[in-house]
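Descriptive structure summary
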Amino acid sequence: MGVASRMKQWVSGQVVLFDRVEEVMSGVVLMRGIITSPKKSRDLSNNGRVEMKDGHRTVKFGDDSVPYARIQELGGDTGRNYATHIIGKHYLQQSGDSVKKENPKKFVDMSL
Amino acid sequence: MIPTLNFLQLLQDNNLGVLDEDLFWQELALGETGVYIADIGAPITRGSRITYNFEMYARGEDKVDGYQRLQAILAFMYQIYSTTCTLPPVPKYDALAVPKATIKPLSTITTVGLDAEDRNIYSISGQIIT
C-alpha cells in the first residue's frame, strides 16, 4: 500500500492560478492607465495594451504611431530648441502604484 | 447577454445614473464626467456558473462628486449582494436579461490617482456571478 503524491497536479494548479492573477492585475493596471492618461486626441489612451514578454505580461503605452507616450508619462522638453516643457502626468506609474498598494487577496479572489 | 452592460441598466433603473450620459460601458478613453465599467480578464467558468470580474471608475466634477457616485453604487451593491437578482435587458443595445445573477463587491473605494485634468479617479471592484 502506498500514498500517491498529488504534488505535480497541485503545482500545475498553482501555476494556472498565478497566471490568472497576473492577467487580472495587468488588466487592472491597463484600465487604470487608460482612464488616467491624457485624452486630447485619445490616441494615447487607445494605444494602451498588455504584451507578453518572456512568459510575463507587461502593460505598455506608446509605439511608432504614439511616440509621445514616454514624454507624457515622464515629462521633459520638446519642440524647436526644446522650448516646450511638458510636465509628466505619471499616468502609468500611478496606475501601477494604486494596484500595488491594494490587498493582493483581492486579485486572487478575482482569479479563482 | 453582456452582464456588465446589464448591470449598468440595473443601476439606471435604480436611479444611479443614465446609460451613455454618466454611466459608460468600456469607454475609458472618453474623458467625460461619470462612472465607467470595464471587464477585467476573461470570464471564469466553474461548473455551470460563470464569474465576470469588473472594475468601476468614477471621474467627478470635483474630488467629492466622483467618490459620492461610487459610494451610492457600492451601497446598492451591498444591498443586493445577499439576494439573487435578474439583471434587466438593455433595449438600446439588444442585450437580453441575465437571470439568477449575484453581484459581489470585492473592494472598498480606492483612489487611483489624478487624470490629466487633475480630477480624482476612484475605483471599486466586483464580480457578477451568473
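Here the structure is a predicted model, which is why all the values come from computation and not from measurement. (Residues numbered from 1 in each chain as written. Chains lettered and ligands numbered in written order. Predicted model: local features only at pLDDT ≥ 70, side-chain atom pairs only at ≥ 80, totals over all residues. Heavy atoms only, no water.)

1. Quick notes on the overall build of chain B
As a reminder, the rule being used: Runs of H or I in DSSP of at least four residues are treated as helices and runs of E of at least two as strands, each being numbered from the N terminus. Throughout, radius of gyration means the C-alpha value; the globule benchmark is 2.2 Å times the number of residues raised to the power 0.38.
Along the backbone of chain B there are two helices and eight strands. Shown N-terminal to C-terminal, the secondary structure of chain B runs as helices and strands in the order α-β-β-β-β-α-β-β-β-β. Relative to its length of 130 residues, chain B is compact, with a C-alpha radius of gyration of 14 Å against a globular reference of 14 Å. Each principal axis of the C-alpha atoms in chain B carries an extent, and together these give about 45 × 30 × 25 Å.

2. Quick notes on the pairing of strand β2 (residues 56-60) of chain A
Residue and element names in this part refer to chain A. Put simply, the test is: A strand pair is defined by DSSP finding two or more bridges across the two strands.
Across five bridges, the pairing between strand β1 (residues 49-53) and β2 is antiparallel. By the bridge assignment, Met52 is partnered in β2 with Arg57. Count of turn residues in the β1/β2 antiparallel hairpin: two residues, of which Asp54 carries a positive phi of about 50°.

3. Observations concerning the confidence of the model for chain B
Formally: How sure the predictor is of each residue is captured by pLDDT, a score from 0 to 100.
With 100% of its residues at a pLDDT of 70 or more, chain B shows a mean pLDDT of 88. On the interface metric, ipTM, the complex scores 0.87, and its pTM is 0.88.

4. Examining the side chain of B:Gln9
Residue and element names in this part refer to chain B. As a reminder, the rule being used: To sort residues, take the accessible area from a 1.4 Å probe on protein chains only and compare it with the maximum for the residue type: under 20% means buried, over 50% means exposed, and anything in between is partly exposed. Any pair of residues with heavy atoms lying within 4.5 Å of one another is described as a contacting pair.
Within the fold, Gln9 resides in helix α1 (residues 3-13). Judged by its relative accessible area of 9%, Gln9 is buried. Sequence-distant contacts of Gln9, that is, excluding residues within four places in its chain, are made with Leu19, Pro88, Pro89, Val90 and Pro91.

5. Section: the nonpolar core
Rule in force here: Within this scheme, the nonpolar core is defined by two criteria: the residues are buried Ala, Val, Leu, Ile, Met, Phe, Trp, Tyr or Cys, and they are joined through side-chain atoms within 4.5 Å.
Core analysis: the largest hydrophobic core is formed by 30 residues, its most contacted members being B:Phe7 and B:Met56. Broken down by secondary-structure element, the contributors of at least two residues to this core are α1, β2 (34-39), β4 (49-59), α2 (63-81), β5 (85-87), β6 (98-105) and β8 (120-129) of chain B. In terms of residue count, α2(B) provides more of this core than any other element does, six residues in total. Not counting residues up to four positions away in its chain, the partners in contact with B:Met56 are B:Phe7, B:Leu8, B:Leu11, B:Val35, B:Tyr36, B:Ile37, B:Leu70, B:Ile73, B:Tyr122, B:Ser123 and B:Ile124. Counting residues in each nonpolar core, the second largest holds 29 residues, with A:Val59, A:Ala69, A:Tyr91 and B:Tyr57 among its members.

6. Points about the pattern of salt bridges
Test applied: The rule for a salt bridge is simple: a side-chain nitrogen of Lys or Arg has to be within 4 Å of a carboxyl oxygen of Asp or Glu.
In total, this model carries 15 salt bridges over all chains according to the counting rule given. Between A:Arg32 and B:Glu55 there is a salt bridge, with the nearest N and O atoms lying 2.8 Å from each other. Placement of the pair is A:Arg32 in helix α1 (residues 7-36) and B:Glu55 in strand β4, with the two residues belonging to separate chains. B:Glu55 matches A:Arg32 in its accessibility class, with the two residues each being buried.

7. With respect to the packing of aromatic side chains
Residue and element names in this part refer to chain B. Note the cut-off: Pairs were defined over the aromatic rings of Phe, Tyr and Trp, the Trp ring being its six-membered one, requiring ring centres within 6.5 Å. Orientation was assigned from the angle between planes: stacked under 30 degrees, edge-to-face over 60, tilted for the rest.
Overall, the coordinates contain four aromatic pairs over all chains when judged by the stated rule. A centroid spacing of 5.3 Å and a plane angle of 80° characterise the contact between Tyr67 and Tyr122, whose relative ring orientation is edge-to-face. Of the two residues, Tyr67 sits in helix α2 while Tyr122 sits in strand β8, which places them 55 residues apart along the sequence.

8. Some thoughts on the interface of chain B and chain A
Put simply, the rule reads: The term buried area means the drop in 1.4 Å probe accessible area that two parts suffer when joined, counted for both and summed. Between N or O atoms, a polar contact is any pair within 3.5 Å; within protein, one atom must be a potential hydrogen donor and the other a potential acceptor, and residues adjacent in sequence are included only when both atoms are from side chains. When residues are grouped by polarity, Ala, Val, Leu, Ile, Met, Phe, Trp, Tyr, Cys and Pro land in nonpolar, Asp, Glu, Lys and Arg in charged, and all others, Gly among them, in polar.
Listed per partner, the contact involves 30 residues of chain B and 26 residues of chain A. Here chain B meets chain A over a buried area of about 2,200 Å², counting both sides, of which 63% is carbon and sulfur. Scanning the region where chain B abuts chain A turns up two salt bridges. Where chain B meets chain A, there are eleven residue pairs in polar contact (both at pLDDT 80 or more). Elements represented by at least two residues in the side of chain B that touches chain A include exactly β2, β3 (44-46), β4, β7 (110-114) and β8 of chain B. Classifying every residue of the side of chain B that touches chain A by side-chain character gives 15 nonpolar, ten polar and five charged.

9. Examining the pairing of β7(B)
Residues and elements named next belong to chain B. By the bridge criterion, four bridges tie β7 to β8 in an arrangement that is antiparallel. Bridging from a neighbouring strand, Leu114 pairs with Asn120 of β8. Counting the residues in the hairpin turn of β7 and β8 gives five residues, including Asp118, whose phi is positive at 60°.

10. Section: the packing of α1(B) against α2(B)
Residues and elements named next belong to chain B. Under the convention used in this document: Orientation is described by axes fitted as lines to C-alpha atoms, over the contacting stretch for helices, and by angles from 0 to 180 degrees between their N-to-C directions. The scheme is simple: roughly parallel for angles under 35 degrees, roughly antiparallel for over 145, roughly perpendicular for 65 to 115, oblique for anything else.
α2 packs onto α1 with a crossing angle of 100° between their chain directions and a minimal axis gap of 12 Å. With respect to α2, the element α1 is oriented roughly perpendicular. In contact with Phe7, Leu10 and Leu11 of α1, α2 contributes Ile73, Phe76, Met77 and Ile80. When the residues that make up the contact of α1 with α2 are grouped by side-chain class, the tally is seven nonpolar, no polar and no charged.

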